[in-house]
Amino acid sequence: MKLHPIRSITFCLAVALLFPPINSNVFAATTNLTPVADTTLRNAAADTSFGVLTSLPVGVSAGGTSISHGLFKFPIEQIPVNATVTQVTLQLASMVSNPNTMSTANYQLFRVLRDWNEPDSTWNTRLAPATGWGSAGGQANVDYVSAASGATLIAPSTIGVPSLSLFSAAGM
């Protein structure tokens, strides 16, 4: 499955204003963030960077031998430091080149704990020249949080027609 450029993450914020000190105001705001970097990590091409691709292949091959993880980096510094994030929604457009080779599958999101960069990240390396992941492809509780932040079922789309998928959770 390939994830395509309709990638944005929406944060619903509830922010308590610190001023004036006597009356505290609370308001809700919605912020849309677009990724500043994305890439795919593939075990079948463990030392190849896919940061230049315009699509993001993710998932497991039909035979289970090829695994691809997708990474998105969002500019979270745009969220005020005193904000409380109450809900996050990630919308992805997915397309497949051959729907006969894919069945409906559960896709999960995990929060990445360590920095990486788009042009250098591979299955083996997160930062050039030789800073690796905790283990190849990423290690739970070292490189990413082991509990999924969100999950959704994604079904095969018609060839060339994107299928929109939403991940939404307070934990993202």
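Residues numbered from 1 in each chain as written. Predicted model: local features only at pLDDT ≥ 70, side-chain atom pairs only at ≥ 80, totals over all residues. Heavy atoms only, no water.

Asker: Hey, could you run me through the overall build of the protein in this one?
Answerer: A tally of helices and strands in the protein yields 0 helices and 12 strands. Walking the protein from its N terminus toward its C terminus, one meets helices and strands in the order β-β-β-β-β-β-β-β-β-β-β-β. Carbon together with sulfur atoms contributes 56% to the accessible area of the protein, which is approximately 9,500 Å² in total. (Helix = DSSP H or I, 4+ residues; strand = E, 2+ residues; numbered from the N terminus. Areas by Shrake-Rupley, 256 points an atom, 1.4 Å probe, with all protein chains shown as cover.)

Asker: Which parts of the structure should I look at to understand unusual backbone geometry?
Answerer: It is generally the case that most residues other than glycine have a negative phi and that most peptide bonds are trans. The step from A128 to P129 runs through a cis peptide bond, and the omega angle for that step is 5 degrees. Tracing the chain through its elements places P129 in the loop between β9 (125-127) and β10 (131-132). In the Ramachandran plot, N141 falls in the positive-phi region, its phi being about 65 degrees despite a non-glycine side chain. For N141, the location among the structural elements is in the loop between β10 and β11 (150-154).

Asker: Would you take a moment to explain the packing of aromatic side chains for this structure?
Answerer: Think of a pair of aromatic rings as described by two things: how far the centres are apart, and how the planes are tilted against each other in angle. Under the criterion given, the structure shown has 2 aromatic pairs. Where F72 meets F74, the ring centres are 6.2 Å apart and the plane angle is 35 degrees; that geometry is what we call tilted. The class of F72 is buried, set by a relative accessible area of 17%. When the ring of F110 is compared with that of Y144, the centres are 5.5 Å apart and the planes differ by 65 degrees; the resulting orientation is edge-to-face. One end of the pair, F110, is in the loop between β8 (105-109) and β9; the other, Y144, is in the loop between β10 and β11, with 34 residues separating them in the sequence. (Phe/Tyr/Trp six-rings, centres within 6.5 Å; stacked < 30°, edge-to-face > 60°. Buried < 20%, exposed > 50% of the residue type's maximum accessible area, 1.4 Å probe, protein only.)

Asker: Would you explain the pairing of strand β3 (residues 37-42) in this entry?
Answerer: Walk down a regular strand and you will see the side chains alternate between the two sheet faces. With respect to burial, β3 is a largely interior element, 5 of its 6 residues being buried. Of the pairings in the sheet, the one linking β3 to strand β6 (residues 67-73) comprises 6 bridges and is antiparallel in character. Paired with R42 across the bridge in β6 is S68. (Pairing = 2+ DSSP bridges.)

Asker: How should I be thinking about the environment of T131 in this particular structure?
Answerer: Considering the arrangement of structural elements, one finds T131 in strand β10. In this structure the C-alpha to C-alpha distance between T131 and W116, which are 15 residues apart in sequence, comes to 9.3 Å. Ignoring sequence-local partners within four residues, the contact set of T131 consists of T125 and R126. (Contact = heavy atoms within 4.5 Å.)

Asker: Where do I start with the nonpolar core in this structure?
Answerer: One recurring pattern in soluble globular proteins is that nonpolar side chains are buried together. Counting 13 residues, the largest nonpolar core has F72, F74, L90, L92, Y107 and F167 as its most contacted members. Where this core is concerned, the elements lending two or more residues are β7 (83-95) and β8. With 3 residues, the top contributor of residues to this core is β7. (Core = buried A, V, L, I, M, F, W, Y, C linked by side-chain atoms within 4.5 Å.)

Asker: Can you walk me through the confidence of the model for the protein in this structure?
Answerer: Regions with low pLDDT should not have their predicted coordinates read in detail. Confidence along the protein averages 78 in pLDDT terms, with 75% of residues attaining 70 or more. In this model, residues 1-24 is a region of pLDDT below 50 whose contacts with residues beyond four sequence positions or in other chains number 96 contacts. (pLDDT = per-residue confidence, 0-100.)

Asker: So what exactly am I meant to see when it comes to the pairing of β6 here?
Answerer: Two strands pair when backbone bridges link them, and strand β5 (residues 59-60) and β6 are joined in this way by 2 bridges, in the antiparallel orientation. Across the sheet, G59 pairs through a bridge with S68, a residue of β6.

Asker: What exactly am I supposed to notice about the side chain of S121 here?
Answerer: Assignment of secondary structure puts S121 in the loop between β8 and β9. Within the structure, S121 has its side chain in polar contact with the backbone oxygen of R126 (distance 3.0 Å). Apart from residues lying up to four places away in sequence, S121 is in contact with T39, L41, T48, S49, F50, W116, R126 and W133. (Polar contact = N/O pair within 3.5 Å; in protein donor to acceptor, adjacent residues only side chain to side chain.)

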